[in-house]
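Single-letter residue listing:
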Amino acid sequence: IYGFTFGGPIQKDKLFFFTDFEGTKTRTGGPTNASVAPQAWRNGDLNIFPQNITDPTTGQLFPGKQIPQSRFSPVARTLFGNPALYPLPNQQGVGPLAVTNNYGSSFRNTLNNDQGDIKIDWRPNDKDAFSGRYSRGFYENFGSQAALPTSMTGGQEGPTQSVVLNWNRTISPTIVNEARVAYSRIGILDRAIDWSGQLGADGNQRFGIPGGQAIAGLSAIGIGGGLTGLGSTGVTSTTYDNKFIYYDNLTWQKGKHLLKFGGQFIRYQQNRYYSGNNGVLGVFRYSGDYTGLDFADFLTDNLRSKGRGALTGAWGHRFWRSALFVQDDYKLASNFTLNIGLRWEYM
């Protein structure tokens, strides 16, 4: 975490500036595990499974629970033909099949956050005081490494900016007016990340999945057998919230009364996009409905279900929130003040 503040006069007794900055960088990580197919499974030898393996094209059992590699889907052939992309086990697994957590690896996360402000104060005369502030922030938090190159990570970006202009006017010794105009823009962007870069912008096509894709990576594929799935659904979303604020407050000291009158008018704009739960990369599901084993259904590409969301434009919400108010602090005695106020608000 690092930063600075710096300020001072531009014109003596009239014009001043102030600025600040703070940056944060966080790196975390450590060991993690994944469950990958052992060599025998990659060869189609499923003898370790207790259930029978049926050939859905004939209704007969696969002899010796062995699925010929000629029957493998393009995804299975690509996956098992590239150990750099989908490595073999490197440690003893646990569970009935000894495959759970049979691959040891590491993970990393990255967080960056930079934010700063600049402010100007100007007093051109004894009656007026102006000030303005501009603030901006850049935030991102994402997984920079997962256990397997075939596993994707997620991340979020949060760009923000705001500006405020304020004018205080001393109308008389007993009347002061404050006017303010402000604007803020807050973004929340959820992303799916091909952290290794090995899947690429045409990852699906490389694995023999047609139809194109909206973002880099690979569709989520549940390969069964208690193994770590591939890719990601690619659930993404984008939200930008804009807020315009117009405010005025008049303060009037009259005898025992401290009166305040004013109004506030806020214009909200929200632009929103969401891919849907199936994401822009989509998902393929295998359940064992055809062969009796989900992993065998994956090898032979007998799909139970699939789904994909949409990469579309944003939809928006627009509304005003308006308010008027009046308040009187009435000092009835030295030890008793009556506060009377009324606020009307409409949205």
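Use the structure listed above.
Residues numbered from 1 in each chain as written. Predicted model: local features only at pLDDT ≥ 70, side-chain atom pairs only at ≥ 80, totals over all residues. Heavy atoms only, no water.

Caption draft 1: Here's a closer look at the overall build of the protein. The number of helices and strands found in the protein is four helices and 14 strands. Expected size for 347 residues packed as a compact globule is a radius of gyration near 20 Å; at 31 Å, the protein overshoots this value by more than 25%. Each principal axis of the C-alpha atoms in the protein carries an extent, and together these give about 100 × 40 × 40 Å. In the protein, which comprises 347 residues, the share counted as buried stands at 36%. Summarising the internal contacts of the protein: among those between residues at least 6 apart in sequence, 64% fall at separations of at least 24. Surface summary for the protein: the accessible area is close to 18800 Å², and the carbon and sulfur share equals 55%. Taking the average location of the 33 positive side-chain charges in the protein and that of its 25 negative ones, the two points are 4 Å from each other. (Helix = DSSP H or I, 4+ residues; strand = E, 2+ residues; numbered from the N terminus. Rg over C-alpha atoms; globule rule 2.2 N^0.38 Å. Buried < 20%, exposed > 50% of the residue type's maximum accessible area, 1.4 Å probe, protein only. Contact = heavy atoms within 4.5 Å. Areas by Shrake-Rupley, 256 points an atom, 1.4 Å probe, with all protein chains shown as cover. Lys, Arg positive; Asp, Glu negative; His and termini not counted. Charge placed at Lys NZ, Arg CZ, Asp CG, Glu CD.)

Caption draft 2: Representation of the pairing of strand 4 (residues 128-145) within the structure. Bridge analysis of strand 3 (residues 103-122) against strand 4 gives 15 bridges, and the strand direction is antiparallel. The partner of Asn109 across the bridge, within strand 4, is Gly143. Linking strand 3 back to strand 4 in an antiparallel pair, the connection comprises five residues. Across 10 bridges, the pairing between strand 4 and strand 6 (residues 160-172) is antiparallel. (Pairing = 2+ DSSP bridges.)

Caption draft 3: Spatial organisation of the pattern of salt bridges. Throughout the structure, instances matching the rule amount to six salt bridges. Among the salt bridges present, the one from Arg71 reaches Asp55, with a minimum N-O distance of 2.9 Å. Residue Arg71 is located in the loop between helix 1 (39-42) and helix 2 (74-80), and its partner Asp55 is located in the loop between helix 1 and helix 2; the two are separated by 16 residues in the primary sequence. A relative accessible area of 8% means that Asp55 is categorised as buried. With a shortest N-O distance of 2.7 Å, Arg169 and Asp128 are connected by a salt bridge. Here Arg169, found in strand 6, pairs with Asp128, found in strand 4; they are 41 residues apart in sequence, far enough to count as distant. Taking relative accessible area as the criterion, Asp128 reaches 7% and is therefore assigned buried. (Salt bridge = Lys/Arg side-chain N within 4 Å of Asp/Glu carboxyl O.)

Caption draft 4: Region of the structure containing the environment of Leu97. Structurally, Leu97 is set in the loop between helix 2 and strand 3. Distance in space between the C-alpha atoms of Leu97 and Pro56 is 24 Å, their sequence separation being 41 residues. Not counting residues up to four positions away in its chain, the partners in contact with Leu97 are Trp41, Ile48 and Phe49.

Caption draft 5: Spatial organisation of the sheet that holds strand 11 (residues 283-285). Strand order in the open sheet formed by three strands is 8-11-12, and the pairing between neighbours is mixed. With one partner strand each, in any of the chains shown, strand 8 (220-222) and strand 12 (305-307) form the two edges of the open sheet. Going across the sheet, the axis of each strand differs from the next one's by a mean of 10°, ignoring polarity. The pairing of strand 8 with strand 11 spans three bridges and is parallel. Note that in strand 11 the partner of Gly222 across the bridge is Arg285. (Axes fitted to C-alpha atoms, helices over the stretch in contact; angles between N-to-C directions.)

Caption draft 6: Focus on the pairing of strand 1 (residues 2-11). Sparse coverage of strand 1 is indicated by the burial of one of its 10 residues. Of the pairings in the sheet, the one linking strand 1 to strand 2 (residues 15-34) comprises nine bridges and is antiparallel in character. Across the sheet, the residue bridging to Phe6 is Thr19, located in strand 2. Two successive antiparallel strands, strand 1 and strand 2, enclose a turn made up of three residues, where Asp13 displays a positive phi of approximately 65°.

Caption draft 7: Spatial organisation of the side chain of Thr19. Checked against the element boundaries, Thr19 lands in strand 2. Assessed through its relative accessible area of 17%, Thr19 is described here as buried. At a separation of 2.9 Å, a polar atom in the side chain of Thr19 contacts the main-chain carbonyl oxygen of Asp117. Residue contacts for Thr19: discarding those within four places in its chain leaves Phe4, Thr5, Phe6, Asp117 and Ile118. (Polar contact = N/O pair within 3.5 Å; in protein donor to acceptor, adjacent residues only side chain to side chain.)

Caption draft 8: Spotlight on the packing of aromatic side chains. Under the defined criterion, the tally for this structure stands at 16 aromatic pairs. Ring geometry for Phe72 and Phe80: centres 6.5 Å apart, planes at 70°, overall edge-to-face. Assigned by exposure class, Phe72 and Phe80 land together as buried. Aromatic pair Phe130 and Trp167: ring centres 5.6 Å apart, planes at 10°, arrangement stacked. Of this pair, Phe130 sits in strand 4 while Trp167 sits in strand 6, and the two are 37 residues apart along the sequence. You can call Trp167 partly exposed: its relative accessible area is 38%. Clustering of aromatic rings is evident, with ring pairs tying together Trp41, Phe49, Phe72, Phe80, Tyr86, Tyr286, Phe295 and Phe298. Seen from the ring of Tyr240, Arg185 lies directly overhead, with NZ or CZ sitting 4.1 Å from the centre. (Phe/Tyr/Trp six-rings, centres within 6.5 Å; stacked < 30°, edge-to-face > 60°. Lys NZ or Arg CZ within 6 Å of the ring centre and 35° of its normal.)

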